[in-house]
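# Structure at a glance
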Amino acid sequence: MKVTREMIQERERAFLAPYAVKSSESRGRKIREEEDDTRTAFQRDRDRIVHSTAFRRLQYKTQVFVYDEGDHYRTRLTHTLETSQIARSIGRALGLNEDLIEAVALAHDLGHGPFGHAGEWALQEMMAGHGGFEHNEQSVRIVEKLEERCPGIPGLNLTQETLDGLRKHHGPGKQAEPSPKCRSLEAEVVDAADEISYICHDLDDGLRSELLEDGQAQAVRLWRDACREAAARYGTPGPAPKRRLAIRVIIDKLVKGLIRQSAANLRGSRISSLGQLRENAHRWIALPAGIEKQAAQLKLFLRGELYQHNRIVRMTDKGQRFLKALFQAYLDRPSLLPPESRLRGRRDGIRRVVCDYLAGMTDRFAIDEYKRFFEPDERV
Ligand code: MG
């Protein structure tokens with residue numbers, strides 16, 4: 001038996017929710033391409049993203065911990081995979097298009113530079129007054145312009161729906177806004193999953209690294225309840241299994257709460273098509289109010305206790321200094337850039353090209369490059 005694209009599209013029409021995005025109704029790509037035999041347009045988007053250079057680089061980009069702090073902490077790549085898993089679970093339960101969700105989730109952090117948020121601040125500072133820098137916009141820039149996949153076709157030539165999902169991704173920490181007209185529930189699910197995954201894994205990594213202590217975290221309702229529940233279900237294991245079990249309990253609570261509340265919101269809305277959904281801008285994908293409050297408390301806790309921890313700040317501050325020094329060095333001597341970047345400089349301006357080049361770097365590459373530039377006995 002061969003499952004054709006048409007069969008998958010038929011299945012989407014039969015089984016997905018009426019307000020889900022159907023691949024057969026995609027607004028298409030900027031440059032028209034022949035349809036694939038066995039894959040839908042969104043499945044192809046996902047595959048292109050996985051095979052891109054920017055995706056591979058996520059492996060050596062910092063989430064919170066710089067990559068050489070240890071092998072067990074999250075990197076941008078594992079964060080991306082966790083986000084994708086959580087988003088697909090939620091989307092599947094809500095009858096949404098899992099392939100579109102996966103494509104948006106896998107690309108959602110491509111635009112992050114090295115050294116986590118500190119890296120973003122450095123690039124923002126260097127680009128102030130020159131068009132700025134914002135990681136969501138950079139993700140779109142990468143998939144639309146910077147990736148080289150096919151001669152004559154700029155970027156990955158993704159579908160409009162995947163691009164819309166990336167463009168409006170507002171990033172964790174910011175208040176979710178009511179869906180604008182071109183937004184899909186699939187994109188909203190990715191935003192929600194991004195938050196769930198990062199607050200849970202940052203708490204996990206924070207405790208594992210001992211930058212956070214269990215006693216401190218007990219002030220957070222989600223953690224306190226999860227520890228109690230894990231103990232009730234599994235007895236009192238040692239600290240490491242307890243942490244793992246409690247984190248699982250929290251992820252489960254957030255995911256199930258989100259599914260329950262969002263399903264109730266949509267059921268109550270009586271929306272029966274994608275068109276109607278777009279006419280009725282509202283935050284359909286949401287946690288129940290009580291759990292949302294608890295999640296906000298955890299976020300606040302992480303911001304105060306982990307992201308501002310002096311070891312994290314020292315690490316990321318150093319990254320910020322590296323990046324600014326490198327930025328200036330390239331700006332002063334554009335001939336230090338690889339030839340293809342210099343070529344693009346004629347079109348996009350040298351400052352933007354330097355910014356793209358630095359944003360594309362992994363932590364590791366940025367550190368090595370810094371050494372090559374500034375340490376006298378390092379080979380150039
Ligand atoms: Mg993210």
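Preceding this section is the structure that the text describes.
This section reports on the structure supplied with the text. Note that the coordinates shown come from a computational prediction; the quantities given were computed from them, not determined experimentally.

In terms of helices and strands, the chain carries 18 helices and two strands. Structurally, the chain occupies a C-alpha span of about 65 × 55 × 45 Å along its principal axes. If you take every contact in the chain between residues at least 6 apart in sequence, the share linking residues at least 24 apart comes to 72%. On the chain, the mean spot of the 63 positive side-chain charges and the mean spot of the 57 negative ones are 2 Å from each other.

With that settled, the discussion passes to the coordination of the magnesium ion. Here the magnesium ion is held by the protein donor atoms His79 (NE2), His108 (NE2), Asp109 (OD) and Asp194 (OD), which lie 2.2 to 2.5 Å from it. Linear spacing of the donor residues for the magnesium ion on their chain is H-x28-H-D-x84-D. Taken together, the positions of His79 in helix H4 (residues 76-93) and Asp194 in helix H9 (residues 185-208) put the pair 115 residues apart, joining distant regions of the chain. For the pair formed by His79 and Asp194, the shared burial category is buried.

The biggest cluster of nonpolar side chains holds 76 residues, and the ones touching the most others in it are Ile49, Ile90, Leu110, Leu203, Trp223 and Leu254. The element contributing the most residues to this core is H9, with eleven residues. Apart from residues lying up to four places away in sequence, Ile49 is in contact with Phe55, Ala103, Leu106, Ala107, Leu110, Leu156, Leu158 and Thr162.

Quick look at the side chain of Gln43 now. Mapping Gln43 onto the fold places it in helix H2 (residues 41-50). Looking at Gln43, its side chain comes within polar contact range of the side chain of Asp99, at 3.1 Å. Residues in contact with Gln43, not counting those within four places in the same chain, are Ile8, Thr38 and Asp99.

The subject of this paragraph is the pattern of salt bridges. Following the criterion strictly, the structure yields 41 salt bridges and no others. The salt bridge partner of Arg29 is Asp45, with a shortest N-O separation of 2.8 Å. Pair noted here: Arg29 is in the loop between helix H1 (5-15) and H2 and Asp45 is in helix H2, with a separation of 16 residues, a long-range link. For the pair Arg29 and Asp45, one class covers both residues: buried. We note a salt bridge from Glu229 to Arg233, for which the minimum N-O separation is 2.7 Å. Linking Glu229 with Arg233, this pair stays in helix H11 (residues 221-234), spanning four residues, or about one helical turn. Each of Asp36, Arg39, Arg46, Asp47, Arg88, Arg92, Glu98, Asp99 and Glu102 takes part in salt bridges that share partners, so that together they form one network.

So, on to helix H18 (residues 363-374). Taking 1.5 Å of rise per residue, twelve residues should cover 16 Å, and H18 covers 16 Å from first to last C-alpha, within 8% of that figure. For H18, every residue scored as buried is listed here: Asp363, Ala366, Ile367 and Glu369. The buried residues of H18 all sit within an arc of 165° when viewed along its axis, so they share a single face. Check the buried side of H18 and you find it contacts helix H15 (310-332) and helix H17 (350-360).

A few words on the packing of aromatic side chains. Counting across every chain of the model gives six aromatic pairs. On the basis of an interplanar angle of 70° and a centroid distance of 6.0 Å, the ring pair of Phe115 and Phe322 is categorised as edge-to-face. Note that Phe115 is positioned in the loop between helix H5 (98-107) and helix H6 (116-127) and Phe322 in helix H15, a separation of 207 residues in sequence. Look at Phe322 and you get buried, because its relative accessible area is 12%.

Cut-offs applied
Residues numbered from 1 in each chain as written. Predicted model: local features only at pLDDT ≥ 70, side-chain atom pairs only at ≥ 80, totals over all residues. Heavy atoms only, no water. Helix = DSSP H or I, 4+ residues; strand = E, 2+ residues; numbered from the N terminus. Contact = heavy atoms within 4.5 Å. Lys, Arg positive; Asp, Glu negative; His and termini not counted. Charge placed at Lys NZ, Arg CZ, Asp CG, Glu CD. Donors = N, O, S within 2.8 Å, 3.2 Å for Na, K, Ca; no water. Buried < 20%, exposed > 50% of the residue type's maximum accessible area, 1.4 Å probe, protein only. Core = buried A, V, L, I, M, F, W, Y, C linked by side-chain atoms within 4.5 Å. Polar contact = N/O pair within 3.5 Å; in protein donor to acceptor, adjacent residues only side chain to side chain. Salt bridge = Lys/Arg side-chain N within 4 Å of Asp/Glu carboxyl O. Expected span 1.5 Å × (residues − 1). Arc of directions from axis to C-beta. Phe/Tyr/Trp six-rings, centres within 6.5 Å; stacked < 30°, edge-to-face > 60°.

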